[in-house]
There are 2 protein chains.
Amino acid sequence: MLYKDIIKELTHIVGKENITTSKEDLICYSYDATNQKFLPDAVVFPKNADEISLILKLANKEGFHVVPRGAGSGFSGGSLPVEGGVVVSLERMNKIMKIDADNLIAIVEPGVVTGELQWAVEDLGLFYPPDPSSLKFCTIGGNVAECAGGPRAVKYGVTKDYVLGLEVVLPTGEIVNTGTQTLKGVVGYDLTKLMVGSEGTLGIVTKIILKLLPLPEATKTILAVFSDMRDAAATVSRIISSRIIPSTLEFMDKNSISCVDDYANMGLPADVEALLLIEVDGDRELIEKQAEGIKKICLDNMAREVRVAGDKREVKQLWQIRRAISPSLAKLKPNKINEDIVVPRSKIPDAIIGVREIAKKYNLTNANFGHAGDGNIHVNIMIDKHVPEGFNQGSDKAEFLRAEKAVKEIFELVLGLGGTISGEHGIGISKMPYIGMELSPTAIDVMKKIKQVLDPKGVLNPGKIFPTL
Amino acid sequence: MLYKDIIKELTHIVGKENITTSKEDLICYSYDATNQKFLPDAVVFPKNADEISLILKLANKEGFHVVPRGAGSGFSGGSLPVEGGVVVSLERMNKIMKIDADNLIAIVEPGVVTGELQWAVEDLGLFYPPDPSSLKFCTIGGNVAECAGGPRAVKYGVTKDYVLGLEVVLPTGEIVNTGTQTLKGVVGYDLTKLMVGSEGTLGIVTKIILKLLPLPEATKTILAVFSDMRDAAATVSRIISSRIIPSTLEFMDKNSISCVDDYANMGLPADVEALLLIEVDGDRELIEKQAEGIKKICLDNMAREVRVAGDKREVKQLWQIRRAISPSLAKLKPNKINEDIVVPRSKIPDAIIGVREIAKKYNLTNANFGHAGDGNIHVNIMIDKHVPEGFNQGSDKAEFLRAEKAVKEIFELVLGLGGTISGEHGIGISKMPYIGMELSPTAIDVMKKIKQVLDPKGVLNPGKIFPTL
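Per-chain numbering applies: the sequence of each chain, read as written, is numbered from 1 onward. Chain letters and ligand numbers both follow the written order, the letters beginning at A and the numbers at 1. Local features in this predicted model are restricted to residues of pLDDT 70 or higher, and side-chain atom pairs are both shown and tallied only at a pLDDT of 80 or more, whereas totals for entire chains, interfaces and linings draw on every residue. Here the side-chain values reflect all heavy atoms present in the structure, with hydrogen atoms and water set aside.

1. Quick notes on the packing of aromatic side chains
No. 1: Ring geometry is summarised as follows: Phe, Tyr and Trp rings, the Trp one being its six-membered ring, pair when their centres sit within 6.5 Å, and such pairs are stacked at plane angles under 30 degrees, edge-to-face over 60 and tilted between the two. Summed over all chains, the structure comprises 10 aromatic pairs over all chains.
No. 2: On the basis of an interplanar angle of 85° and a centroid distance of 5.4 Å, the ring pair of Phe466(A) and Tyr189(B) is categorised as edge-to-face. Taken together, the residues Phe466(A) in the segment after helix 16 (441–454) and Tyr189(B) in the loop between strand 9 (175–179) and helix 7 (191–195) connect one chain to another.
No. 3: Summarising the aromatic geometry, the rings of Tyr128(B) and Tyr162(B) are spaced 5.9 Å apart at their centres and angled 80° between planes, so their arrangement reads as edge-to-face. Taken as a pair, Tyr128(B) in the loop between strand 7 (126–127) and helix 5 (140–146) and Tyr162(B) in the loop between helix 6 (153–156) and strand 8 (163–169) lie far apart in primary sequence, 34 residues in all. By the burial criterion, Tyr128(B) is buried, and Tyr162(B) matches it.
No. 4: Only when the NZ atom of a Lys or the CZ atom of an Arg is both within 6 Å of the ring centre and within 35 degrees of the ring normal do we say a charge sits over the ring. Positioned over the ring face of Tyr31(A) is Arg69(A), at 5.2 Å from the centre of the ring.
No. 5: Taking NZ or CZ as reference, Lys211(B) lies 5.3 Å from the ring centre of Tyr162(B), over its face. Numbering of helices and strands runs from the N terminus; a helix is a DSSP stretch of H or I covering at least four residues, while a strand is a stretch of E covering at least two. Here's how the labels work: a residue is buried when its accessible area is under 20% of the maximum for its type, exposed when over 50%, partly exposed in between, all with a 1.4 Å probe on protein chains only.

Here you go:
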């Protein structure tokens, strides 16, 4: 609990209409997409970097914790106040400050919703590629904190590939500008990239300079159906090695597909083992040629059926299947343990076969889908964590314990294949117990030293990433 | 001078054939492309990370300096032993360890020559885009240390955009692996990007995991001639906003062009104010269309002449002009102060006009050329520093002092235009006095804290980047 004096000082900084300590409000800022809840002691809504600076200076003086928060859509707990303290909600800092078409940059505040930025730049014939599936509500600030990815990463990269510079309030309250407004810049250490993906533990980002691209002229969407998952995986490799880099190259396995309602209505064969949803973008004539090339590669690699979407309605229908998967998995079991593992592209079949074996060994339901083009597969272990009234699928604590063992084995498998335990979601609290499986003690030690030297009193977003600090 | 005991220990680590203290050898490792010389006390040629680890542990114990060195082609002094000590030459660690076409990655040792890697991957239909003009002799390790760029950066980015992971020996001797072998990866802080561009001050890179691309099918080269520099600059903006991102978009001003011998033989008009050398790459049919589009944009923007190279011989001839510029500038004056400033693309005319005004004010000869596509212009102030026998062009110390003042004013101009004082070369010792013009005391303080926490005894590459440490 915060002393009254601190609340008074915080109120003085942000104004009394921009702070809350009411239980009802605190609950609204206690959760994220991990479905875990930690009540903060207060939530403040600053309007600029100066106010955040004062809040952090006060935190260092008085010794309370500060946790930055965008839309709370993260999958690893980055915005959760796990040790209480003050949540700094960035929702009022939501201005697109500049879109500069000549220099292909945008300057935005952290609270801008990713999708809104995308639509704003697309209106001007420009393109901001990173497309986490939460793009309709997640914020650029959160994307920067977690280094969000998305389906288009296979061609266009992830958030960090678009962040040229930042304004950041350091844990000690100083405001610092990093990077440049230009594509090139090598003055001093790359503090920009150090901040991106640091999960709100090294600073609170208050302004973001983003690189934009010209908007591709057109896109073309292709669906390919396979009876053997290895054929689908071989197709992925063949497409890339044919010099075509699709803008998305999504994979869905049997269990994923079977949950989607519309699936049956699509008239696809019942014994499908894998689907690929492939999109190419760019010059209108070129993508026609590429779509033909992809269709041929799919058929050469034993695709049972390949559909090239004819019009916008068909494209929408194809993407509806892909987007419906994540929520529809609840049909298998009410809860999922969603792990965003990555393996080298050629290892996707080994990863998926291995994951299925582990699931079978522990008697667990498993569904896999995701970004095959860059090897980033969302592995879902379906469990029944809590049993609501009148809804019993044989849930038990034992299942959860089996799932935990399975997750650890999946990470071992993934690391053995030369992969990583997180491609997009970050560590936060969700993968904190496992970070030592991927990083050496030396690597963790270096990271902790950097954290410590920038946040000597440990006020900013404590209890994240590193098991102990 | 190093004690004999230290030399003995170093000899024990690397073997007696892999260490030298002879004056003749030391001279060979005392310089780089800045043309400054600092004699080391010894040069060692380790064969792996373990030996480098032992060297750094010894340095921390005995208190001597260690300076890593690739090919010594840097423009900012990164590999110079400014405070003496042991140069660690990475020339023996020159193996391409793996080229993985399925997963589009290469794993290399730091001493691999950049061009050799490019040719090796191109033989397999793959592509490593960063192309510093020293690519025939510079090394990937040096490219990583300085975050090298090149003409192709406008479309393909710079070295850091291709480094997925590293093996690094930290200043204290621990060996750490950073990053992943996959396109995505968000486990912990991005130590990879922190190391890239840290100019050999945070660690010695011993292994590099690089992202590759499929090799573009074809390229097309275009030369456009302008009577007004503003027309050339407008053309650059119009090309980009027409949704064509060329693979190179090079600019040369009048003074640059006039030095090139072959120029007259090209049959170009005498009163040319600017040239653009533009290349597009990719699908064969698409680039034909793009080349036509670019030609039209050039003519619409008052180009006096546009040539599309018909065959390889013509392409070679066009690039010969571009490559001849840097060495041929010696015709103007024997020495150049070469600054790799960057401005937002739309500010190129303001930058060049401003630079010329400053040169005029200080009665200096100036020539500008470089990467217009990303706003990275090589500004050259030509001076006569030392007067060799029988070669006197009116050199004096006063000219050098005027040039120093001009450089400072050029940096003020560039920063005022929203640019940066270094796009490719780094700070090293050359721009150390000016770093405070671009970075705030807070930013410098954060960087120095990171340096200090990783290198508490200051053994690794001291006297670089930061004016005092």
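2. Structural notes on the confidence of the model for chain A
Residue and element names in this part refer to chain A.
No. 1: Confidence per residue, as judged by the predictor, is encoded in pLDDT with a range of 0 to 100. Considering every residue of chain A, the mean pLDDT works out to 93; 96% of them sit at 70 or more.
No. 2: Here a residue-residue contact requires only that any non-hydrogen atoms of the pair lie within 4.5 Å. Within the model, the stretch residues 389–393 combines pLDDT values under 50 with 6 contacts to residues more than four positions away or in other chains.
No. 3: For this predicted complex, the interface score ipTM comes out at 0.95, while the overall pTM is 0.95.

3. Quick look at the sheet that holds strand 16 (residues 335–342) of chain A
Residue and element names in this part refer to chain A.
No. 1: When DSSP finds at least two bridges between two strands, those strands are taken to pair. The strand order across the open sheet built from 7 strands is 15-12-14-13-17-18-16, with neighbouring strands paired in antiparallel fashion. Strands with a single pairing partner mark the edges of an open sheet, and in this sheet they are strand 15 (303–308) and strand 16. Each strand axis lies, on average, 15° off the axis of its neighbour in the sheet, ignoring direction.
No. 2: Pairing of strand 13 (residues 248–253) with strand 14 (residues 274–282), which is carried by 6 bridges, proceeds in the antiparallel orientation. Note that in strand 14 the partner of Leu249 across the bridge is Ile278.
No. 3: To obtain each axis, a line is fitted to C-alpha atoms, and for helices this fit is confined to the stretch in contact; angles are then taken between N-to-C directions over 0 to 180 degrees. Here helix 11 (residues 284–300) sits on the sheet and contacts strand 12 (218–226), strand 14 and strand 15; the angle it forms with strand 12, its principal contact strand, is near 5°.
No. 4: Sheet contacts for helix 14 (residues 397–416): strand 16 and strand 18 (376–383); angle to strand 16, the most-contacted strand, approximately 10°.

4. Re the pairing of strand 10 (residues 204–211) of chain B
The side chains of a regular strand alternate, first on one face of the sheet and then on the other.
Residues and elements named next belong to chain B.
No. 1: In terms of burial, strand 10 is a largely internal element, 6 of the 8 residues being buried.
No. 2: Sheet analysis places strand 6 (residues 105–108) next to strand 10, joined by 4 bridges and oriented antiparallel. Bridge pairing links Ala106 to Leu210 in strand 10.
No. 3: Bridge analysis of strand 8 against strand 10 gives 6 bridges, and the strand direction is antiparallel. Residue pairing in the sheet places Val163 in a bridge with Leu210 of strand 10.

5. A short note on the sheet that holds strand 3 (residues 66–69) of chain B
Within a sheet, adjacent strands bond to each other through the backbone by hydrogen bonds, running parallel or antiparallel.
Residues and elements named next belong to chain B.
No. 1: Pairing is mixed in the open sheet, where 4 strands are placed in the order 1-2-4-3. Strands with a single pairing partner mark the edges of an open sheet, and in this sheet they are strand 1 (19–20) and strand 3.
No. 2: For strand 2 (residues 42–44) and strand 4 (residues 86–89), the ladder comprises 3 bridges, and the chain directions are parallel. Residue pairing for strand 4: Val44 is matched across the bridge by Val88.
No. 3: Its contacts with the sheet put helix 3 (residues 49–62) on strand 2, strand 3 and strand 4, and the angle it makes with strand 3 is roughly 150°.

6. Quick look at the side chain of Thr159(A)
No. 1: Within the element layout of this structure, Thr159(A) appears in the loop between helix 6 (153–156) and strand 8 (163–169).
No. 2: In this structure, Thr159(A) is in contact with Tyr128(A), Pro130(A), Asn143(A), Val144(A), Cys147(A) and Ala148(A), ignoring residues within four places of it in sequence.

7. What about the interface of chain B and chain A?
No. 1: Between chain B and chain A, the contact holds 79 residues from the first and 79 residues from the second.
No. 2: As used here, buried area is the combined drop in accessible area, with a 1.4 Å probe, of two parts when they are placed together. Summing the contributions of chain B and of chain A, the shared interface buries around 6500 Å²; its carbon and sulfur component is 65%.
No. 3: A pairing counts as a salt bridge when a side-chain nitrogen of Lys or Arg comes within 4 Å of a carboxyl oxygen of Asp or Glu. Seen at the junction of chain B and chain A, the total is 10 salt bridges.
No. 4: Lys184(A) serves as the salt-bridge partner of Asp374(B), at 3.1 Å between the closest nitrogen and oxygen.
No. 5: We call two N or O atoms a polar contact when they sit within 3.5 Å, provided that within protein one can donate a hydrogen and the other can accept it, with sequence-adjacent residues counted only if both atoms are side-chain atoms. Across the contact surface, chain B and chain A share 26 residue pairs in polar contact (both at pLDDT 80 or more).
No. 6: Contributing elements (two or more residues each) for the side of chain B that touches chain A: helix 6, strand 9, helix 7, helix 8 (229–241), helix 11 (284–300), helix 15 (435–438) and helix 16 (441–454) of chain B.
No. 7: No other element matches the 9 residues that helix 16 of chain B contributes to the side of chain B that touches chain A.

8. A few points about the relation of the copies chain B and chain A
No. 1: Only residues with pLDDT of at least 70 in both copies contribute their C-alpha atoms to the least-squares superposition of the copies. Mapping chain B onto chain A leaves a residual RMSD of 0.0 Å; the transformation is a rotation of 180° accompanied by 0.0 Å of translation along its axis. Here the copies are linked by what is in effect a two-fold axis.

9. Some thoughts on the pattern of salt bridges
No. 1: Throughout the structure, instances matching the rule amount to 50 salt bridges over all chains.
No. 2: Note that Arg152(B) and Asp131(B) form a salt bridge whose closest N and O atoms lie 3.7 Å from each other. Note that Arg152(B) is positioned in the loop between helix 5 and helix 6 and Asp131(B) in the loop between strand 7 and helix 5, a separation of 21 residues in sequence. Here Arg152(B) and Asp131(B) have matching classes, each one buried.
No. 3: Measuring nitrogen to oxygen at the nearest pair gives 3.3 Å for the salt bridge that ties Lys449(B) to Asp445(B). A residue pair is termed a helical-turn pair when its members lie 3 or 4 positions apart in one helix, as Lys449(B) and Asp445(B) do in helix 16 at 4 residues.
No. 4: For Lys449(B), a relative accessible area of 30% translates into the label partly exposed.
No. 5: What makes Asp445(B) partly exposed here is its relative accessible area of 36%.
No. 6: Within this structure, Lys184(A), Asp374(B) and Glu424(B) form a network of salt bridges that share partners.

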